[in-house]
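Notes for the structure review
Letter by letter, the chains look like this.
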Amino acid sequence: MRAAILRNVGDTALDVCDDVELIEPGPTDVIVDITHTGICHSDLSVMNGTIPERIPSVLGHEGAGIVAEVGDAVTSVSVGDHVIAVWSPPCGNCVYCLGHKRPNLCANLQFGIMLRPQFRQGDQDLGAMCGVGTFADRTLLPEQAVVQIDAGVPLETAALVGCGVMTGVGAALNTAKVAPGSSVVVLGAGGVGISAIQGARIAGAADIVAVDRNPAKLGVARSFGATEAVLPEDLDEVKAAMNGGQGFDYALECIGHPVTMRAAYDAVRRGGTCCIVGVGRVEEQLSFSAFEIFFNEKNLVGSYYGGADVRVDFHRMLRLAEAGQLDLAGMIDRRLSLEDINDGIDALLTGDVVRQVVEL
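For the structure given in this document, a descriptive report is provided here. (Residues numbered from 1 in each chain as written. Predicted model: local features only at pLDDT ≥ 70, side-chain atom pairs only at ≥ 80, totals over all residues. Heavy atoms only, no water.)

1. A look at the packing of aromatic side chains
Keep this limit in mind: Geometry of aromatic contacts follows a simple scheme: Phe, Tyr and Trp rings, the Trp one being its six-membered ring, pair when their centres are within 6.5 Å, and the pair is stacked under 30 degrees between planes, edge-to-face over 60, tilted otherwise. The numbering of helices and of strands both runs from the N terminus, where a helix is a DSSP run of H or I of at least 4 residues and a strand a run of E of at least 2. Whether a residue is buried, partly exposed or exposed follows from its accessible area with a 1.4 Å probe, protein chains only, as a fraction of its type maximum: under 20%, in between, or over 50%, in that order. Either the NZ atom of lysine or the CZ atom of arginine qualifies as a charge over a ring when it sits within 6 Å of the ring centre and within 35 degrees of the ring normal.
For the structure shown, the criterion picks out 6 aromatic pairs. Plain terms: the ring middles of Phe291 and Phe294 are 5.9 Å apart, the flat faces sit at 65° to each other, and that makes the pair edge-to-face. Of this pair, Phe291 and Phe294 both sit in helix 9 (residues 290-296), 3 residues apart, which is roughly one turn of the helix. Both residues of the pair, Phe291 and Phe294, count as exposed. Seen from the ring of Phe295, Arg270 lies directly overhead, with NZ or CZ sitting 4.0 Å from the centre.

Laid out in structure tokens, this is it:
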């Protein structure tokens, strides 16, 4: 089958091959024919080394498709079911899943599937990004890593729910818990940022300000619900107008750089909430003075997978879309084939697109 492989960290293009195979599935595994996958900035983060990953690896972690085979012990899905792939699946039995009720933080399955080779090319084993590997005609997942959806849901939009939409909308609704009538600033107007803007709008925020260094994305941000959209150099002026000059109630950082994380923290008022959604590099540091943490009483929180219980929240996203409150179809501004995937990566690098979907 076809697959797009990252050979080395630092490569700027993937190797699209047609001689890749799946490993032999186990009794609790599911084989999914991937019909659509999004190209996410996290794929670039694996390519440039921001996110550590087994190499060589089939990239892609945001996809949807149709179940082709199931292991003998699989009970939750059947052949022919339409599903969304989950890159951080909850085991359903641990203290995070049951005791803390934070299944997005369950790592019992994730590290195992990230470490096992799911693909093979000749005599060489290949990893799969986040244990998913959706840049392939087929992939192999544990049954906990697929969520069944209604067959009437378009799979090209369902694919986006698997990462970017859930991450951004979930950060606003689940992690930051944006309140009705509040003021929100979103740093970064890519796919996750646009989803965070939509989440803030769904939550009932009165003021939603998008910040991006790409002027073309400012108009896009407004079309998805931002009440104002500005370049980074104009943020302080807008901040001065919020809450009597005190700053925003909430900031959602959707980029993953220390400088923008610090800017997000500085943008919120005393007692406000700064939510870090973007993925930064392991070696990079973020600094605060010992006094300001005490004095400002700001809430600084990370958001992992939008704080989601994917078994519930994926369906929640799809219901919001069906009700016209969440625009999924409008987020897709490029449709590609797998053979064109490197063109899509180049478009992400230049910041010219919000979201792209590959049809396999």
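2. Things to note about a negative patch on the surface
The line we're drawing: Exposure above 30% relative accessible area and no salt bridge define the residues that can form patches, which grow by joining like charges within 9 Å and nonpolar side chains of Val, Leu, Ile, Met, Phe, Trp and Tyr within 5 Å. Shrake-Rupley sampling with a 1.4 Å probe provides the accessible areas, and residues are treated as covered by the protein chains on show and by no other component. The rule for a salt bridge is simple: a side-chain nitrogen of Lys or Arg has to be within 4 Å of a carboxyl oxygen of Asp or Glu. The charged-residue count follows a simple rule in which Lys and Arg add positive charge and Asp and Glu add negative charge, with His and chain termini not counted at all. Throughout, a charge is located at the NZ atom of Lys, the CZ atom of Arg, the CG atom of Asp or the CD atom of Glu.
A cluster of acidic residues, Asp207, Glu228, Glu233, Asp234 and Glu237, forms a negative patch on the protein surface. Structurally, Glu237 is set in helix 7 (residues 235-239). Under the relative-accessibility criterion, Glu237 is labelled exposed at 63%.

3. Details of the pairing of strand 4 (residues 29-39)
A regular strand places its side chains on the two faces of the sheet in alternate fashion. How we decide: The rule for pairing is simple: two strands pair if DSSP sees at least two bridges between them.
Taking burial as the measure, the 11 residues of strand 4 include 10 buried ones, the bulk of the element. Two elements, strand 4 and strand 10 (residues 138-142), share 5 bridges in a ladder whose sense is antiparallel. Bridge assignment links Asp29 to a residue of strand 10, and that residue is Pro142. Relative to strand 19 (residues 355-359), strand 4 runs antiparallel, the two being bridged by 4 bridges. Bridged to His36 within strand 19 is Glu359.

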